[in-house]
Structure formats: structure tokens, C-alpha cells
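For reference, the chains in residue letters:
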Amino acid sequence: RSYFESFDKKLRITLDRDISYSDFPGKPIVYTEKNLVLEVKGDTKHARDVEILMDGIGLRRSKNSKYTRSVVAVSSIL
């Protein structure tokens, strides 16, 4: 995971890569996701700034739950 912050400190960004899942903590990893997950966070008053950023880098906006994705990934393997 990498962390970034805009120069004006309005937005915070996290970039997750090589996300691994297991069926229980401490158990061997059963699935590693190759997708990148980019999260952009900020106060709701800066929502337009988030839209401008996302449009500028050409990525689609979507909701993402790493927990839900892990449950689906692990259950499909077990």
C-alpha cells in the first residue's frame, strides 16, 4: 500500500497492489488479486476535486469493498 496527499491537503490517495486473501488470519494465502485499487478520499465539500482528478487520469469511479471482494474470492476457491 502506498499513500499520497494532494499539495493542498484536500485529498488523500491510497494505492493497493498485490492484495492477498486467506480464509482466516494467519492461514496461508489462498488468492492474490493482481488488480490495483486506487482510493481517493476527502471531505464531501471537495467532491468536485475528486471528480476532476478521476476524469483527468481516465479512470472510472466505482464503489469497492475489499472485504466483500475477499469473501467472494476465497469462497470461489474453497
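Parameters at a glance
Residues numbered from 1 in each chain as written. Predicted model: local features only at pLDDT ≥ 70, side-chain atom pairs only at ≥ 80, totals over all residues. Heavy atoms only, no water. Helix = DSSP H or I, 4+ residues; strand = E, 2+ residues; numbered from the N terminus. Buried < 20%, exposed > 50% of the residue type's maximum accessible area, 1.4 Å probe, protein only. Contact = heavy atoms within 4.5 Å. Polar contact = N/O pair within 3.5 Å; in protein donor to acceptor, adjacent residues only side chain to side chain. Salt bridge = Lys/Arg side-chain N within 4 Å of Asp/Glu carboxyl O. Pairing = 2+ DSSP bridges. Axes fitted to C-alpha atoms, helices over the stretch in contact; angles between N-to-C directions.

Enquirer: Any chance you could break down the side chain of Thr-14 for me, citing the residues and the numbers?
Expert: Mapped onto the elements, Thr-14 comes out in strand E2 (residues 11–16). Classification of Thr-14 as buried rests on a relative accessible area of 6%. What Thr-14 contacts, discounting residues up to four positions off in sequence, is Arg-1, Ser-2, Tyr-3, Val-37, Leu-38, Glu-39 and Lys-41.

Enquirer: Go over the side chain of Ser-2 with me, naming the residues and quoting the values.
Expert: Among the secondary structure elements, Ser-2 is positioned in strand E1 (residues 2–5). Within the local environment of Ser-2, its side chain forms a polar contact with the side chain of Arg-17, the two groups lying 3.1 Å apart.

Enquirer: Requested: an account of the environment of Lys-9, with residues and values cited.
Expert: Here Lys-9 shows up in the loop between E1 and E2. Considering only alpha carbons, one finds Lys-9 and Gly-42, 33 residues apart in sequence, at a separation of 8.9 Å. Of note is the side chain of Lys-9, whose polar atom sits 3.2 Å from the side chain of Glu-5.

Enquirer: With reference to specific residues and values, describe the pattern of salt bridges.
Expert: Under the criterion given, the structure shown has seven salt bridges. Between Lys-9 and Glu-5 there is a salt bridge, with the nearest N and O atoms lying 3.2 Å from each other. Its relative accessible area of 57% is what places Lys-9 among the exposed residues. What you see here is one network of salt bridges that share partners, running through Arg-1, Asp-16, Glu-39 and Lys-41.

Enquirer: Please give an account of the sheet that holds E1 that cites residues and values.
Expert: Strand order across the open sheet formed by three strands is E1-E2-E5, with antiparallel pairing between neighbours. Each end of this open sheet is capped by a strand with a single partner; those strands are E1 and strand E5 (37–42). Taking each pair of neighbouring strands and ignoring which way they run, the sheet shows an average axis angle of 20°. The pairing of E2 with E5 spans six bridges and is classified as antiparallel. Across the sheet, Arg-12 pairs through a bridge with Lys-41, a residue of E5.

Enquirer: Tell me about the environment of Ser-75, and please be specific about residues and values.
Expert: Of note, Ser-75 is situated in helix H2 (residues 66–77). Classification of Ser-75 as partly exposed rests on a relative accessible area of 49%. Spatially, the C-alpha atom of Ser-75 lies 9.9 Å from that of Ser-22, the residues being 53 residues apart in sequence.

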